[in-house]
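Reading the structure
Given next are the chains, with one letter for each unit.
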Amino acid sequence: KWIVVYQACIFLNRITSFYAKSYFRVYGWSSKEWEEEEIGDKKSIAFSFVGIGDIYTNQKKYNDAPKFYHQALALSKEIGSLELIADCYRGYAKLDSAKGDYHKALENYKLFIVYRDSIENTENAKKIVALQMNYNFVKKQDSLNVVQAKKDLIAQKELNKQILVRNGFIGG
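A brief look at the structure comes next. Note that the structure is a prediction, hence the values are computed from the model and not measured.

Brief notes about the pattern of salt bridges
- Enumeration according to the criterion identifies four salt bridges in this entry.
- Taking the shortest distance from any N to any O, the salt bridge between Asp64 and Lys67 comes out at 3.9 Å.

What follows is the structure, given as structure tokens:
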């Protein structure tokens, strides 16, 4: 239950941020900071549009939802956010299914799966690289430890030899 409340708070925060920034821009109060945060804004706006599309879909306002999914998809592609693109196609699939257009719903669901899998593949590739780097580091450390152990053994043998020679002179 608290997860739903938390997600709702994030959603409302992003909508509020979007409308506040839009208000400042309309009245000419834009600043360089607004422009520097444009990609973050676009991501927040796209996220908000997906959320609004989901709300309209859940409220069975099927004519209002597509325009928000469309705007979210355009922004998501512009900024290259695979997560948001996947969310857009998930929303389209849910909307088309609710409208009874199962052929289109299946197409959008397949696109959702493609983008979701792309995200997972990217994450898995990062994990594989991290594991490979860790393996290489451990392997290098092990080889350095072996070299050091050999040096220590040679030094110990030399020390033992010197002790034997010294003891031989002392005792002899």
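Once you've had a look at it, read on.
Details of helix α5 (residues 82-99)
- In this model α5 runs 26 Å from its N-terminal to its C-terminal C-alpha over 18 residues, within 8% of the 26 Å that 1.5 Å per residue would give.
- By the burial criterion, the buried members of α5 are Leu84, Ile85, Ala86, Cys88, Tyr89, Gly91, Tyr92, Ala93, Leu95 and Asp96.
- Phi for Gly100, located one or two positions after α5, is positive at around 90°.

Description of the environment of Lys104
- Structurally, the position occupied by Lys104 is in helix α6 (residues 102-171).
- For Lys104, a relative accessible area of 44% translates into the label partly exposed.
- Residues Lys104 and Ala93 lie 11 residues apart in sequence; the distance between their C-alpha atoms is 7.3 Å.

A look at the nonpolar core
- In terms of nonpolar packing, the biggest core is built from 21 residues, with Phe49, Tyr69, Leu73 and Tyr89 touching the most fellow members.
- Every element with two or more residues in this core is listed here: α3 (38-58), α4 (65-79), α5 and α6.
- Counting residues per element, this core draws most heavily on α5, which supplies seven residues.
- Non-local contacts of Leu73, meaning those with residues more than four positions away in its chain, are made with Ile85, Cys88, Tyr89 and Tyr92.

Cut-offs applied
- Residues numbered from 1 in each chain as written.
- Predicted model: local features only at pLDDT ≥ 70, side-chain atom pairs only at ≥ 80, totals over all residues.
- Heavy atoms only, no water.
- Salt bridge = Lys/Arg side-chain N within 4 Å of Asp/Glu carboxyl O.
- Helix = DSSP H or I, 4+ residues; strand = E, 2+ residues; numbered from the N terminus.
- Expected span 1.5 Å × (residues − 1).
- Buried < 20%, exposed > 50% of the residue type's maximum accessible area, 1.4 Å probe, protein only.
- Core = buried A, V, L, I, M, F, W, Y, C linked by side-chain atoms within 4.5 Å.
- Contact = heavy atoms within 4.5 Å.

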